[in-house]
Amino acid sequence: MSGEPVRLYVNGAILGYQRGLRTQNNSCSLIKIKGVDSKDDTDFYLGKKIAYITKVSVNGGKNGTKYRVNWGKVCRPHGSNGVVRCRFARDLPPKSIGEKVRVMLYPSRI
């Protein structure tokens with residue numbers, strides 16, 4: 001093996017919340033995963049963990065780091081264009097719409 005680091009995640013973008021015409025469900029977020037363009041491609045990512053990383057205003061916040069992570073999980077596909085529905089430990093704030101997330105390549109289902 002080479003000495004280069006291995007990346008264990010794929011980038012994704014937060015599109016918003018699951019919604020209807022007049023209602024929205026804040027506990028279910030829609031994520032577009034980079035390189036996934038069909039419903040069949042999303043099957044690999046079902047059950048994978050997702051990390052939404054934010055910076056903390058105070059240095060050394062909770063665990064002595066400058067970052068906090070909100071963990072979530074890919075639940076199911078949404079539509080036919082490679083968007084997935086995810087549930088997070090804490091619902092994502094509205095300012096997170098349009099920001100990036102990391103879709104981890106674990107746990108493995110193979």
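Placed above this text is the structure.
Residues numbered from 1 in each chain as written. Predicted model: local features only at pLDDT ≥ 70, side-chain atom pairs only at ≥ 80, totals over all residues. Heavy atoms only, no water.

Our next topic: unusual backbone geometry. Here the amide bond leading from Tyr106 into Pro107 is cis, since omega sits at 0°, within 30 degrees of zero. By secondary structure assignment, the location of Pro107 is in the segment after strand 6 (100-104). (Helix = DSSP H or I, 4+ residues; strand = E, 2+ residues; numbered from the N terminus.)

Quick look at the environment of Gly79 now. Turning to its location among the elements, Gly79 is positioned in the loop between strand 4 (67-78) and strand 5 (83-88). Judged by its relative accessible area of 46%, Gly79 falls in the partly exposed class. Between the C-alpha atom of Gly79 and that of Lys39, which follows or precedes it by 40 residues, the distance is 7.1 Å. (Buried < 20%, exposed > 50% of the residue type's maximum accessible area, 1.4 Å probe, protein only.)

Per the counting criterion, the structure on display carries two salt bridges. Ionic pairing is found between Asp37 and Lys32, a salt bridge with its closest N-O pair at 3.5 Å. Linking Arg109 and Asp43 is a salt bridge whose minimum nitrogen-to-oxygen distance equals 3.7 Å. Placement of the pair is Arg109 in the segment after strand 6 and Asp43 in the loop between strand 2 (24-33) and strand 3 (49-55), with a sequence separation of 66 residues. (Salt bridge = Lys/Arg side-chain N within 4 Å of Asp/Glu carboxyl O.)

Counting 16 residues, the largest nonpolar core has Ile31, Ile33, Ile50, Cys86 and Phe88 as its most contacted members. Looking at this core, the elements with two or more residues in it are strand 1 (9-19), strand 2, strand 3, strand 5 and strand 6. Of the residues forming this core, the biggest block, three residues, is contributed by strand 5. Once residues lying within four places of it in the same chain are set aside, the contact partners of Phe88 are Ser29, Ile31, Ile50, Tyr52, Asn70, Trp71 and Gly72. (Core = buried A, V, L, I, M, F, W, Y, C linked by side-chain atoms within 4.5 Å. Contact = heavy atoms within 4.5 Å.)

Here we come to the layout of surface pockets. Of the pockets and cavities examined, the largest pocket occupies roughly 260 Å³. Contributing to the lining of the largest pocket are 11 residues, with Thr54, Arg68, Val69, Asn70 and Arg90 lying nearest its centre. Contributing elements (two or more residues each) for the lining of the largest pocket: strand 3 and strand 4. When residues in the lining of the largest pocket are grouped by element, the largest group, three residues, is from strand 4. The residue makeup of the lining of the largest pocket, split by class, is four nonpolar, two polar and five charged. (1 Å grid on protein atoms, 1.4 Å probe; cavity = no way out; pocket = protein on both sides within 12 Å on 5 of 7 lines; lining within 4 Å. Points joined across faces, edges and corners; volume = space filled by probe spheres on them. Nonpolar A, V, L, I, M, F, W, Y, C, P; charged D, E, K, R; others polar.)

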